Amino acid sequence: HLLDTPAARMNISALLDEFAAAKDETWSALSKRNFRLYGNRLRDAFGQEMLAVLTTQNLEEWLSDAYPTAGGRAAAMRTLRPAFSYATRRGYIKASPFDNLERVKVKRDRVIDIYSPAEARRLMDCAPEDCKVAFALLLFAGIRPAELQRLTWGDIREDFVHVSHKAAKTAQA
C-alpha cells in the first residue's frame, strides 16, 4: 500500500538533503554548487511533495518551464537524476521519475579551437616564465584548468603527470 512505503513519509527536500549529505565527502566544490543550484529550484517547485507523488510528467513539465534551453534541461537532469537513483537503491521509491524522461540531446555549435604547432610555440614564447609550466600542461597534457589548480609539484613526474582521483574531473586517477 502506498501509505506504508518510505516514499509516503519522505518529501523531496528531505531526499535532497540526505543525498547531499551522503555525497558531501566525494563531491568537488563545483559538484556541490551545481547540486545546490538545481536542487534548490526543484525544492522550490516540489520540496514539500512526498516522493511517491512526483511523476515523470510533473518533472517533464517543470524541467521545460524552469529550463527552456536543451542545455539547461540536460544539466538539471544530469545533476538531479542521481538523487532519485539513490532513493530507489534505498527503497524509498520503486522507480525514479527520471527513468522515463526523454534524454535531451544538446547540439554544440561552437568549434573547438586546436592550436597549430606554430600558434602553440608563439603562446609559449609570449607566456610569462612563471606560467610556462601551466600552459604546457594545459596545451600538451590535456589537463583541464580546474585540475591544474588542484595539482601539486609532487604530481609532476619525470615521464608523466599524475592526476589523482581528488584532482581529476571524473574522480578517477
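As the structure is a prediction and not an experimental result, all values here were calculated from the model.

The rules behind the values
- Residues numbered from 1 in each chain as written.
- Predicted model: local features only at pLDDT ≥ 70, side-chain atom pairs only at ≥ 80, totals over all residues.
- Heavy atoms only, no water.
- Helix = DSSP H or I, 4+ residues; strand = E, 2+ residues; numbered from the N terminus.
- Buried < 20%, exposed > 50% of the residue type's maximum accessible area, 1.4 Å probe, protein only.
- Contact = heavy atoms within 4.5 Å.
- Areas by Shrake-Rupley, 256 points an atom, 1.4 Å probe, with all protein chains shown as cover.
- Lys, Arg positive; Asp, Glu negative; His and termini not counted.
- Charge placed at Lys NZ, Arg CZ, Asp CG, Glu CD.
- Salt bridge = Lys/Arg side-chain N within 4 Å of Asp/Glu carboxyl O.
- Arc of directions from axis to C-beta.

Got a sec to walk through the overall build of the protein? Specific residues and values, please.
Check the secondary structure of the protein and you find 7 helices and 0 strands. Reading the protein from its N terminus to its C terminus gives the helix and strand order α-α-α-α-α-α-α. Along the three orthogonal principal directions, the C-alpha set of the protein runs to about 70 × 35 × 20 Å. A burial count over the protein gives 30% of its 173 residues as buried. Intrachain contacts of the protein at a sequence separation of at least 6 include 52% that bridge at least 24 residues. Total accessible area on the protein is roughly 12000 Å²; 52% of this is exposed by carbon and sulfur atoms. In the protein, which carries 26 positive and 22 negative side-chain charges, the distance between the mean positions of the two groups comes to 2 Å.

Go over the side chain of S13 with me, naming the residues and quoting the values.
Tracing the sequence through the fold places S13 in helix α1 (residues 12-23). Every residue in contact with S13, bar those within four places of it in the chain, is listed here: R43, G47 and Q48.

Tell me about the pattern of salt bridges, residues and numbers included.
Applying the stated criterion across every chain yields a total of 4 salt bridges. D17 is the salt-bridge partner of R43, the closest N and O atoms lying 3.1 Å from each other. Here the residue R43 occupies a position in helix α2 (residues 29-46), and D17 occupies one in helix α1, the gap between them amounting to 26 residues. Overall, R43 belongs to the partly exposed group, its relative accessible area being 24%. Its relative accessible area of 45% is what places D17 among the partly exposed residues. For E129, the salt bridge identified is with K132, shortest N-O distance 3.4 Å. A residue is classified by how much of its surface remains accessible, and E129, at 64% relative accessible area, is exposed.

Talk me through helix α3 (residues 56-66); I want residue IDs and the actual numbers.
Inspection of α3 places T56, L59, W62, L63 and A66 among the buried residues, and these make up the whole buried set. Take α3 and look down its axis: the buried residues cluster within an arc of 130 degrees, on one side only. The exposed set on the far side of α3, more than 90 degrees from its buried face, consists of Q57 and D65. Contacts from the buried residues of α3 go to α2 and α4 (70-89).

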